[in-house]
Amino acid sequence: MECSWKTVLLLVCASLGVQYTAIRTLRDSVPGPSAVSFCNCDIRPAINTSWRALCDDGLMPNESPRKHILLFATTRSGSSFTGQLLNQHPEVFYVFEPLYHVQQAFTNSSSRLRRNLDRRALLGAYRDLLLNLYTCDLHFIENYIRPEPQEHVTSSFFRRSSSHALSSPDSPDEAWCPKKCGALNLTLASLSCLSKEHIAIKTVRVPEVGDLRTLTEDPRLDLKIIHLVRDPRAILASRIMAFSEQFRPWKIWNSTGRQPRYVDLSQITSTCKDMTASAETGLQRLAWLRGRYLLVRYEDLAFNPKDKAGEIYRFVGLEMESRVQAWITKNTRSNGSSQSEWNYRYSTNRDSRATAESWRLRLTFDIVKTVQELCTDALSLLGYKKVHSAAELRNLSHSLVEIRTF
């Protein structure tokens with residue numbers, strides 16, 4: 001059946017009317033800058049020029065498009081510290097590891113579902129959640145939070161205190177929010193997200209950068225991927241300290257010098273395999289990653305935090321404001337009152353230079369030699385030197401990090 005030009009015109013007008021009504025409704029639902037206090041935490045969305053322009057009856061603002069940033073890493077690679085570099089920017093809405101909720105939901109589901117769950121299904125759920133978060137639909141995460149939020153309110157948002165946008169930019173540390181903040185209203189959090197110019201998400205649960213291809217090719221996003229890597233020997237040392245029960249056999253081996261028969265080598269092997277595959281993919285400069293991928297070694301960031309942070313900010317297209325630089329100065333110089341990352345699992349306050357290779361004083365040569373054999377490709381590709389004796393391992397005057405440009 002053919003449509004007349006009048007019918008087409010009516011359909012177009014109706015579509016425009018729906019869009020106009022939606023924009024007006026959203027505008028009317030956004031409170032003024034001083035009208036709301038989120039979750040007892042005094043989070044007030046700063047309704048900036050771009051957001052006000054978007055809510056006007058006129059055209060979309062002419063400013064540069066919103067940046068969508070993904071900090072892609074593995075556990076204990078320095079991602080908490082690196083993520084805070086982005087969290088300090090006043091116009092960045094930062095979320096710490098939201099994929100935790102997806103993994104927990106699947107893990108706690110029925111045994112039948114777990115048996116039938118394949119890698120593709122889990123990765124699909126990860127990508128769906130990331131896409132919805134990048135479009136500021138925080139309600140989507142309610143599908144995975146347990147216990148299930150009531151009327152869009154939850155007290156179970158993982159590591160909420162790691163985000164200034166979800167707690168308070170003036171909180172002294174992460175211990176402050178759990179004591180002072182009430183439950184998180186996800187509707188108000190979505191509005192806070194919309195009030196920010198950019199969104200950054202940190203995750204350690206996506207295995208390989210190739211798993212993110214559909215997001216880089218999604219026309220709704222301008223995705224920038226910061227691939228953070230670290231010496232796998234350092235990663236293992238940090239995991240042993242942070243997750244002592246899970247890595248108990250490794251801890252016994254490290255303290256006694258005798259390898260238990262039940263040490264699980266598969267986890268560090270998988271870490272190195274995924275790290276190598278991702279770096280190889282990213283460094284090929286494939287069309288779908290061109291201009292969207294930056295490889296960052298944690299050690300380079302630790303040795304030269306301001307220079308490397310500047311490189312990260314240039315890559316994502318943001319200005320590194322004075323607040324970010326002040327945070328770097330404060331959090332990369334030890335005050336002698338803490339033992340860097342070893343005191344608190346997710347600590348970001350450390351003497352960064354000392355932390356970068358401190359693992360060399362904590363692991364036995366036998367364990368280091370084993371990891372070197374399992375991770376030869378990763379060490380070679382990423383520029384980490386092997387050691388061949390206990391004396392070489394302990395000699396901190398010679399760095400094991402090669403000077404590399406990626």
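- Naming follows an unreviewed UniProt entry, where the protein appears as Sulfotransferase of Takifugu rubripes.
- Quoted straight from UniProt, the Sequence similarities (unreviewed entry) entry for the protein says "Belongs to the sulfotransferase 1 family."

Some points on the nonpolar core
- The biggest cluster of nonpolar side chains holds 80 residues, and the ones touching the most others in it are Phe93, Leu130, Tyr134, Phe157, Ile201, Leu212 and Ile226.
- If you look at the next biggest cluster of nonpolar residues, it comprises 23 residues, including Phe243, Trp359, Leu363 and Val387.

Side note on unusual backbone geometry
- A cis amide bond, omega 0 degrees, links arginine 146 with the succeeding residue proline 147.
- For proline 147, the location among the structural elements is in the loop between α6 (119-134) and β3 (153-154).

Things to note about the environment of glutamate 97
- Mapped onto the secondary structure, glutamate 97 falls in the loop between β2 (92-96) and α4 (99-107).
- Sequence-distant contacts of glutamate 97, that is, excluding residues within four places in its chain, are made with Phe158, Lys202, Thr203, Val204 and Arg205.

A short note on the packing of aromatic side chains
- Within this structure, the stated rule accounts for five aromatic pairs.
- Consider the rings of phenylalanine 81 and tryptophan 327, whose centres lie 5.5 Å apart with planes at 40 degrees: the pair is tilted. Of this pair, phenylalanine 81 sits in helix α3 (residues 79-87) while tryptophan 327 is found in helix α15 (residues 322-331), placing the two residues 246 residues apart along the sequence. Note on accessibility: phenylalanine 81 and tryptophan 327 belong to one class, buried.
- Each residue in the set Phe96, Tyr100 and Phe158 is aromatic and connected to the rest through ring pairs, giving one cluster.

Rules used throughout
- Residues numbered from 1 in each chain as written.
- Predicted model: local features only at pLDDT ≥ 70, side-chain atom pairs only at ≥ 80, totals over all residues.
- Heavy atoms only, no water.
- UniProt positions renumbered as here; feature names shortened; annotations may be inferred.
- Core = buried A, V, L, I, M, F, W, Y, C linked by side-chain atoms within 4.5 Å.
- Buried < 20%, exposed > 50% of the residue type's maximum accessible area, 1.4 Å probe, protein only.
- Helix = DSSP H or I, 4+ residues; strand = E, 2+ residues; numbered from the N terminus.
- Contact = heavy atoms within 4.5 Å.
- Phe/Tyr/Trp six-rings, centres within 6.5 Å; stacked < 30°, edge-to-face > 60°.

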